[in-house]
Amino acid sequence: MSVVLQIIANFGHQFLGQTSDNAEASLIQLVARGKKQGYAVGDLVNVTLTSDNQGAIESIVPRTNLFYRSEFNKQKNLAANIDQVAIVCATEPAFSEELLGRALICAQVTDIKAIILLNKVDVADKVDAARATLSLYPTLGYDVYELSAHKSESVSKLTSLLAGKSTLLMGQSGMGKSSLINALIPDANIKTREISSVLNSGKHTTTFSRLYHCTFDGQSSTIIDSPGFENFGMAQFSVSQIQHAMLEFVPYFGQCKFHNCSHRHEPQCAVLNAMNEGHIHPTRHAFYERLLEQLDYYDRAAY
Ligand SMILES: Nc1nc2c(ncn2[C@@H]2O[C@H](COP(=O)(O)OP(=O)(O)OP(=O)(O)O)[C@@H](O)[C@H]2O)c(=O)[nH]1
Ligand SMILES: [Zn+2]
């Protein structure tokens, strides 16, 4: 029998599938048939069932999007078919603005809405510094929501952002992502144990993405939890894609002296002028330079 299932967990060579509209549906262990393809959590796949709880993936339903990071030819799929990505930062330990910036660029190029969650705002002596760092981002168009995973009222406010949507939750280790998942999805631990029992092993479950069906504000929603990340390569993007994802640069494009201006060192560069006049934050320009340097490095390494 052939069915369409959604991949809800990805263990590299093995996947778990479930019907996308029924959170209570049993878990089906999936294997990829034929050519190995990079499936992602959130993918819809055509499956031939081989038993009650096993099946073979025959093909993939075309994706609306795929959020991934990559170094050289190594690709790490985080989620497919998502409506938004929520990047979890915290007051302590301090988060990396570099990683936040990279996740925002990736969302921008992939045309996925990004929101920033500042968790642990109950840590009174650290909250001002975190707020100061994040104050730049609303000026670029990214909403920042403050919350505390330990306070139920702030978690229930968060549900209105997630209701009816498929959201990828990502963040560095220690930002409180697991605490947030447990607060949002009270049976998350039970579901994780179910997965472990299907796989006869619990060891993989925290290192791979997984999808939870939930109901927020009466609307069926999904959350994809991804492993904490400590780097974010973007080898897949072109210089032009990165430039256009630097949203505060965009108004100045076309006004530089050289039409192929890299906005790094050229004379009469409208972007550099805007920075010197205080319209573009120097830390963002420095960030942009680092991204381009990394692309140069990938290019040189390819030859
Ligand atoms: N004060 C405070 N502590 C929190 C909050 N949320 C999480 N924590 C604590 O922060 C620590 C890390 O939380 P986790 O939920 O394990 O963080 P994580 O981001 O899932 O980290 P990994 O599992 O390593 O990826 C734990 O000691 C939590 O109790 C919060 O809102 N306020
Ligand atoms: Zn320029």
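Rules of the game
- One numbering rule holds for all chains: residues counted from 1, following each sequence as written.
- Labels follow written order: the first chain is A, the first ligand is 1, and so on.
- The model is predicted, so local features are restricted to residues of pLDDT at least 70 and side-chain atom pairs to those at 80 or more, both for listing and for counting; the totals for chains, interfaces and linings are taken over all residues.
- UniProt positions are given in the numbering used here, feature names are shortened, and annotations may be inferred rather than shown by experiment.
- By convention here, the domain bounds are inherited from an automatic or database domain assignment.
- Put simply, DSSP H or I for four residues or longer makes a helix, DSSP E for two residues or longer makes a strand, and each gets a number counted from the N terminus.
- Remark: C-beta atoms are placed from the backbone, and a residue is labelled buried if 20 or more other C-beta atoms sit within 10 Å of its own, exposed if 12 or fewer do, or partly exposed between those counts.
- Throughout, a pair of residues is in contact if the C-beta atoms placed from their backbones lie within 7 Å.
- Being near a molecule or strand means, for a residue, that its C-beta atom, positioned from the backbone, comes within 6 Å of it.
- The nonpolar class holds Ala, Val, Leu, Ile, Met, Phe, Trp, Tyr, Cys and Pro. Asp, Glu, Lys and Arg form the charged class, and all remaining residues, Gly among them, are polar.
- Strand pairing is assigned whenever DSSP detects at least two bridges linking the two strands.
- A right-handed crossover is one whose linking path, passing over the helix from the first strand to the second, runs clockwise when the strands point away from the viewer.
- The term nonpolar core refers to a group of buried residues, namely Ala, Val, Leu, Ile, Met, Phe, Trp, Tyr and Cys, whose C-beta atoms join them within 7 Å.

As named in an unreviewed UniProt entry, the protein chain is Small ribosomal subunit biogenesis GTPase RsgA, taken from Formosimonas limnophila. In the Subcellular location (unreviewed entry) part of its UniProt record, the protein chain is described as follows: "Cytoplasm". Per UniProt, the protein chain has the following entry under Subunit (unreviewed entry): "Monomer. Associates with 30S ribosomal subunit, binds 16S rRNA."

*Asks:* So what exactly am I meant to see when it comes to the domain arrangement of the protein chain here?
*Replies:* Size of an interface: often given as the accessible area lost when the parts come together. What the domain assignment reports for the protein chain is domain 1 (2-60), domain 2 (66-225) and domain 3 (239-301). Domain 1 and domain 3 are separated by 42 Å when their C-alpha centres are compared.

*Asks:* Could you clarify how one ought to interpret the UniProt feature "binding site: Zn(2+)" (unreviewed entry) in the protein chain in this entry?
*Replies:* According to UniProt, the feature "binding site: Zn(2+)" (unreviewed entry) maps to Cys 256, Cys 261, His 263 and Cys 269 in the numbering used here. For Cys 256, the location among the structural elements is in the loop between helix 7 (239-245) and helix 8 (270-276). Residue Cys 256 is classed as partly exposed on the basis of its C-beta count, with 19 C-beta atoms lying within 10 Å. Those residues in contact with Cys 256 that lie beyond four places of it in its chain are Cys 261, His 263, Glu 266, Gln 268, Cys 269, Ala 270 and Val 271. The residue Cys 261 is located in the loop between helix 7 and helix 8 in this model. Excluding residues within four positions of it along the chain, Cys 261 makes contact with Cys 256, Glu 266 and Cys 269.

*Asks:* Can you help me understand the site of ligand 1 in this one?
*Replies:* Around ligand 1, 16 residues are found, and the nearest of them are Ser 173, Gly 176, Ser 178, Ser 179 and Gly 228. Class assignment of the residues belonging to the shell around ligand 1 gives a composition of three nonpolar, ten polar and three charged.

*Asks:* Help me out: how do you make sense of the pairing of strand 9 (residues 113-119) in this one?
*Replies:* On a regular strand, one side chain projects to one face of the sheet and the next to the other, so that they alternate. Most of strand 9 sits inside the fold, with five of its seven residues counted as buried. Where strand 8 (residues 84-90) meets strand 9, seven bridges bridge the pair, whose relative direction is parallel. Within strand 9, the residue paired with Ile 87 across the bridge is Ile 116. As for the winding sense of the linkage, the β-α-β connection from strand 8 through helix 1 (residues 97-110) to strand 9 is right-handed. Two strands pair when backbone bridges link them, and strand 9 and strand 10 (residues 144-146) are joined in this way by three bridges, in the parallel orientation. The partner of Leu 118 across the bridge, within strand 10, is Glu 146.

*Asks:* Which parts of the structure should I look at to understand the nonpolar core?
*Replies:* Soluble globular proteins tend to bury their nonpolar side chains together. Grouped together as the largest cluster of nonpolar side chains are 68 residues, with contacts concentrated most on Ala 79, Val 85, Ile 87, Val 88, Cys 89, Ala 103 and Leu 168. When neighbours within four sequence positions are excluded, Val 85 is seen to be in contact with Phe 67, Ala 103, Ala 107, Ile 112, Ala 114, Leu 168 and Met 170.

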